2 protein chains.
Amino acid sequence: VATATRRRKHWGWGFEDQQPSREQVGGIARAVTDRLGFAVDEVEEPVPLDAVELPEPRLKPPKRFAELFSADRYDRVAHSLGKAYRDVVRGFRGEFPNPPDLVAYPESPEDLDVLLSFCADEGAAAIPYGGGTSVVGGVEPRMRDRYPAVVTLDLGRMDRVLEVDPISRAARIQAGATGPRLEEQLREHGLTLRHFPQSFEYSTLGGWIATRAGGHFATLDTHIDDLVESIRAVTLEGEWESRRLPGSGAGPSPDRMLIGSEGILAVIAEAWVRVRERPGFKLSVGVAFDDFAAGAEAVREIAQSGLNPSNCRLLDALESDTTSAGPPGKALLVLGFESAHHPVDEPMSIAMGAARAHGGEPGEIKGRAGEQPGPAERREAPPAAEPGDDPVDAWRHAFLFAPYLRDSLVACGVLSDTFETAITWDRFPDFHAEVMELAERAVAAASPTGRGKPRVSCRFTHVYPDGPAPYYTVLAPAWRGDEVAQWDEIKAAVSDAVIDAGGTITHHHAVGRDHRRWYDRQRPDPFADALRAAKRDLDPQGILNPGVLIDP
Amino acid sequence: VATATRRRKHWGWGFEDQQPSREQVGGIARAVTDRLGFAVDEVEEPVPLDAVELPEPRLKPPKRFAELFSADRYDRVAHSLGKAYRDVVRGFRGEFPNPPDLVAYPESPEDLDVLLSFCADEGAAAIPYGGGTSVVGGVEPRMRDRYPAVVTLDLGRMDRVLEVDPISRAARIQAGATGPRLEEQLREHGLTLRHFPQSFEYSTLGGWIATRAGGHFATLDTHIDDLVESIRAVTLEGEWESRRLPGSGAGPSPDRMLIGSEGILAVIAEAWVRVRERPGFKLSVGVAFDDFAAGAEAVREIAQSGLNPSNCRLLDALESDTTSAGPPGKALLVLGFESAHHPVDEPMSIAMGAARAHGGEPGEIKGRAGEQPGPAERREAPPAAEPGDDPVDAWRHAFLFAPYLRDSLVACGVLSDTFETAITWDRFPDFHAEVMELAERAVAAASPTGRGKPRVSCRFTHVYPDGPAPYYTVLAPAWRGDEVAQWDEIKAAVSDAVIDAGGTITHHHAVGRDHRRWYDRQRPDPFADALRAAKRDLDPQGILNPGVLIDP
């Protein structure tokens, strides 16, 4: 697919030519009623691009490098919002109150340097932008009124794999490469990064690093953090480039200071990342449990066993039922092992034994033991593939299709959002009970009545020896035209619940602007002082992505 | 062993009552000639404590909390130096030019807070001190002349396991707990941290965290970094305490900013660390290779296989011969798997297959498959146990006994030191050839002739999918009385070699004061700016461990 010839929707998910038809949305509306139990009184249409009201740009591109900029209507609108429910619903309704004045498309670290200098000269806020898939307000120019101009730096033209080291299994990749772009280039070398967040299609390596994205692996290399070997970034004070090292003990890790820095210190230009051979050995199985708690105990044993499965996602019964993943009314553990080196039958068998010991009923093991990846395997994480009839496929399909579906849910008047965290095992049962209760109460209080009972479900996205990362999905009838207020009320309540009960405000969605209030309660104060001082030193004007993470 | 009744030597390794007898040192002298080929012209005696010249303390403890302080001769001398060869040889000769004025023994985070305030009021430098086993000048008051006083904060009285969470497999431990102290307390719960650096006996949890210590595991959890769940530290601006979280994506990790900070930002008071059940399944084997390069290729395959052995140490032939670990003239891979959960026969068998495919000849597999830890297993990492007759035991014994042996080598006029790094696999062969050549040349040039040929050997201490951590050992006839100059010359040459060839100045020995020159060439400049700004904010007077890592 030549992405250059296609344009992404100016709101919501996917390309413009992927909009579902009126009939398809009608089918989704019927499914909303049949499967979720929500009455759909009307299917709305999104506000078209040309009907969007847009303030004039307050800044002109400099003549010297005008070719790097766009002040085009589409570009400015498309870079105005991220991809939270809050963003999608505003985009749907044509509300883009905070567009950037200019969108710049750097093609090299040198361009980035020039662009940052330009922003500094103009006092303009500079927002690094990868795939724009932030669900926490990470790319939204909400600071627009406090700066004479806002320039969004879209790294999309920096999308190449620059170098591959097949000996060390590492690759130097530009920050703007999306999941499919970098996998496509790595495939020529028989290698893969295997970092498949839900946003895989559009999100970028630089964005993953800046936000500590969570990926494919349920254990061990759960975050992109673990796959970063070195980073090259551009600051207002020059280049920040770390050495390529497999490990080091030389002071606090420079990379770890950039990983998760959300663009406040530097713009990530490229990184050496750890890649691997494509796994020829893959087994997966769905294991049903009578309840989530029993499944959680099985997951705890597996997470502490050292078996390190690549997949170990536990869905509660409601979530499993919503995605038709497992037997009705049961919690479902999606368990998978993979290797490029050797068969994985033994660890699978040990893990299934552990699951059985906690009351789990495994289904049929699916997978390949040894053949080479075939054509069907070539396309990683197919976003719209039809689900197979086994639980693992069903879950995978629902996972990848969710962002597409959400756009239609907005049209049908359904609020759909997620929040996620991590907590140690000892506190998990009480934490989960408390968060579920407060979330259900808050969603019910914030949502219209009489159109169906809101649903709050949970799954584990990643697990650690010392605790799981629970991920909660909220589905509720929306207050038509008042969705943002409804969302804000729910968001505040569930975030309070998570922070009060000892969790983190985010396991892998980042902080951005939407999580700030709770992040500020979470991080140690002297650490915030240290980070603020570091930012002030590198960005004395405070122009780098102002408003995320920390105030100057 | 009630450590309170014993005193550690004021120089070198071990307790005062562990000094080898004249006869034992004589035996070592003969072994030096027989095994290393170095002529020993004289066995010297260390300068006794009362013959050490010591300046008067420049500061009096405040009356209010005088009981926290010591100005005792022994205490001040014993806290003057770390445990590098450079330190041991100076201690041996009675050279302690930079003693702290006072040694303080805090018993709580509150004491630390009071002590830091006292230092700030006096403008005194404050040096956090765990086991004092730094081999990079990390605890030496070399800044003495630039401050009105120096106070060393010895955390030795903060040595308790405060809380154990058996569900999440985590424990809250005070920073001053040594390896044996914390293992002894965890053992009551059937748990273990399994962090066994060579300094295990004396080094402390806080020291490990502050210096990013490398431990037991050759793969995965190679550094203490990976075992830290949260940290409580005391800054001059108040407490820095992170949440207990199994994982998080909320901004740059606060813990990762303290891990490796070497006392320049805060004093670590305690930490929640990830512990585990004691492994009942353990297998190990020695695999001989004709040459180091073939062994390295086998290790690369194993490191990239996802098998994640707990031990995967490759010794070159010289190092294997020196420690009598393997068959003469062969490189030796010490390979081990362990689990508390399930047998490890299959991964061992797959890894041995990989080793064989690269020409390795495995010896007999040793270990237990399933029985409970017996009395022999109770004492982790016995430092002076007699070696068994198999290669794995021999290597382990040599590893743990090395610091004891070194004291006697100083008496015999043998220079003995190590340097270590990490490098990606693609660069490793050239890197290793270059570093070996330059090291051998530098050692030969710096050492006296006619007393035997210096030896430079190498092993891998830790390995990663993208590269090994090579560890070099230097043994040479010493310039009697001029050892420090000899060492400094060698240190400069090998450090240049490592940095010029693309490595890190340290994989797990830290930066301290001795590695500063090369660290400054390694770290990204804007990162140094950021770290400096952070330090200035938290420690405006620049009193926290001045001279390590970075200048204000």
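Residues numbered from 1 in each chain as written. Chains lettered and ligands numbered in written order. Predicted model: local features only at pLDDT ≥ 70, side-chain atom pairs only at ≥ 80, totals over all residues. Heavy atoms only, no water.

Enquirer: So, the overall build of chain A: which residues are in play, and what are the values?
Expert: Looking only at helices and strands, chain A has 16 helices and 19 strands in total. In terms of C-alpha radius of gyration, chain A reaches 23 Å, essentially the compact-globule figure of 24 Å for 552 residues. With the principal axes as the frame, chain A shows a C-alpha extent of 65 × 60 × 50 Å. Classification of the 552 residues of chain A by burial places 65% in the buried group. Here the contacts in chain A between residues at least 6 apart in sequence split such that 74% fall between residues at least 24 apart. Summing over all exposed atoms, chain A offers an accessible surface of approximately 19200 Å²; the carbon and sulfur share of this is 49%. Averaging the positions of the 62 positive and the 85 negative side-chain charges in chain A gives two centres separated by 2 Å. (Helix = DSSP H or I, 4+ residues; strand = E, 2+ residues; numbered from the N terminus. Rg over C-alpha atoms; globule rule 2.2 N^0.38 Å. Buried < 20%, exposed > 50% of the residue type's maximum accessible area, 1.4 Å probe, protein only. Contact = heavy atoms within 4.5 Å. Areas by Shrake-Rupley, 256 points an atom, 1.4 Å probe, with all protein chains shown as cover. Lys, Arg positive; Asp, Glu negative; His and termini not counted. Charge placed at Lys NZ, Arg CZ, Asp CG, Glu CD.)

Enquirer: Now, about helix H4 (residues 109-122) of chain B: what can you tell me, with residues and values included?
Expert: Residue and element names in this part refer to chain B. With 14 residues, H4 ought to run about 20 Å at 1.5 Å a step, and its terminal C-alpha atoms sit 20 Å apart, in line with that. Every buried residue of H4 is listed here: Pro109, Asp111, Leu112, Leu115, Leu116, Phe118, Cys119 and Ala120. Backbone geometry just after H4 places Gly123 at a positive phi near 65°. (Expected span 1.5 Å × (residues − 1).)

Enquirer: Any details on the side chain of A:Gln522? Residues and values, ideally.
Expert: Its place among the elements puts A:Gln522 in helix H15 (residues 516-522). Polar side-chain contacts of A:Gln522 include one of 2.8 Å to the side chain of A:Thr504. A polar atom in the side chain of A:Gln522 sits 2.8 Å from the backbone nitrogen of A:Ile505. In this structure, A:Gln522 is in contact with A:Ile499, A:Gly503, A:Thr504, A:Ile505, B:Arg243, B:Leu245, B:Ser248 and B:Ala250, ignoring residues within four places of it in sequence. (Polar contact = N/O pair within 3.5 Å; in protein donor to acceptor, adjacent residues only side chain to side chain.)

Enquirer: Go over the relation of the copies chain B and chain A with me, naming the residues and quoting the values.
Expert: When chain B is fitted onto chain A, the two copies agree to an RMSD of 0.0 Å after a turn of 180° and an axial shift of 0.0 Å. What the rotation and shift describe, once combined, is the action of a two-fold rotation axis. A symmetric contact is evident, with 100% of the interface residues of chain B recurring at the interface of chain A. (Least-squares fit on C-alpha atoms with pLDDT ≥ 70 in both.)

Enquirer: An account of the interface of chain B and chain A is requested, with residue identities and associated values reported.
Expert: Across the contact, 82 residues belong to chain B and 82 residues belong to chain A. Counting each side, the surface lost to burial between chain B and chain A is near 6400 Å², with a carbon and sulfur contribution of 60%. The salt bridge partner of A:Asp426 is B:Arg244, with a shortest N-O separation of 3.6 Å. Considering each element in turn, the side of chain B that touches chain A owes the most residues, nine residues, to helix H16 (residues 525-538) of chain B. (Buried area = accessible area lost by both parts, 1.4 Å probe. Salt bridge = Lys/Arg side-chain N within 4 Å of Asp/Glu carboxyl O.)

Enquirer: Can you explain the pattern of salt bridges? Please cite residues and give values.
Expert: All names here are of chain B. All told, the structure shown has 88 salt bridges over all chains when counted by the stated rule. Note that Arg232 and Glu270 form a salt bridge whose closest N and O atoms lie 3.6 Å from each other. Note that Arg232 is positioned in strand E8 (residues 228-235) and Glu270 in strand E10 (residues 267-274), a separation of 38 residues in sequence. The buried category is assigned to Glu270, whose relative accessible area is 4%. In this structure, Glu361 and Lys330 form a salt bridge, with 3.6 Å as the shortest nitrogen-oxygen distance. Note that Glu361 is positioned in strand E15 (residues 361-362) and Lys330 in the loop between helix H9 (317-322) and strand E14 (331-339), a separation of 31 residues in sequence.

Enquirer: Can you lay out the sheet that holds E10(B) for me, pointing to particular residues and giving the numbers?
Expert: Consider a sheet: its strands pair through backbone hydrogen bonds, and that pairing is either parallel or antiparallel. All names here are of chain B. Strands sit in the order E5-E6-E10-E8-E9 across an open sheet of five strands; the sheet is antiparallel. Because the sheet does not close on itself, it has two edges, and the strands there are strand E5 (161-165) and strand E9 (238-241). Along the sheet, successive strands turn relative to each other by an average axial angle of 10°, direction set aside. Summarising the sheet, E8 and E10 pair through six bridges and their orientation is antiparallel. Looking at E10, one finds that Ala233 is bridged to Ile268. (Pairing = 2+ DSSP bridges. Axes fitted to C-alpha atoms, helices over the stretch in contact; angles between N-to-C directions.)

Enquirer: Can you break down the side chain of A:Asp225 residue by residue, with the values?
Expert: Its place among the elements puts A:Asp225 in the loop between helix H6 (205-211) and strand E8 (228-235). Setting aside residues no more than four positions away along its own chain, A:Asp225 makes contact with A:Arg212, A:Arg256 and A:Ile259.

Enquirer: Any details on the sheet that holds strand E2 (residues 102-104) of chain A? Residues and values, ideally.
Expert: Residues and elements named next belong to chain A. The strand order across the open sheet built from four strands is E1-E2-E4-E3, with neighbouring strands paired in mixed fashion. Strands at the two margins of the open sheet, each flanked by one partner only, are strand E1 (69-70) and strand E3 (125-129). Relative to strand E4 (residues 150-154), helix H4 (residues 109-122) is tilted by about 170°, and along the sheet it contacts E1, E2, E3 and E4.

Enquirer: Report on the nonpolar core, specifying residues and quantitative values.
Expert: Grouped together as the largest cluster of nonpolar side chains are 154 residues, with contacts concentrated most on A:Val151, A:Leu153, A:Leu193, A:Leu205, B:Val151, B:Leu193 and B:Leu205. Leaving out residues up to four positions away in the same chain, B:Leu193 has contacts with B:Leu182, B:Glu183, B:Leu186, B:Leu205, B:Trp208, B:Ile224, B:Leu227, B:Val273, B:Arg274 and B:Val275. (Core = buried A, V, L, I, M, F, W, Y, C linked by side-chain atoms within 4.5 Å.)

Enquirer: Before we move on, could you go through the environment of B:Met257 and cite the residues and values that matter?
Expert: Among the structural elements, B:Met257 can be located in helix H7 (residues 254-258). A sequence separation of 274 residues divides B:Met257 from B:Leu531, and the C-alpha atoms of the two residues are 9.0 Å apart. Filtering out sequence-adjacent residues up to four positions away, B:Met257 remains in contact with A:Pro252, A:Met257, A:Phe527, A:Ala530, B:Trp240, B:Leu265 and B:Ala534.

Enquirer: How would you summarise the confidence of the model for chain A if you had to cite specific residues and measurements?
Expert: Residue and element names in this part refer to chain A. Predicted confidence across chain A gives a mean pLDDT of 93, with 94% of residues reaching 70 or more. Here residues 371-385 scores under 50 on pLDDT; set against residues more than four positions off or in separate chains, the count is 26 contacts. Overall fold confidence (pTM) sits at 0.96, and the ipTM for the predicted complex is 0.95. (pLDDT = per-residue confidence, 0-100.)

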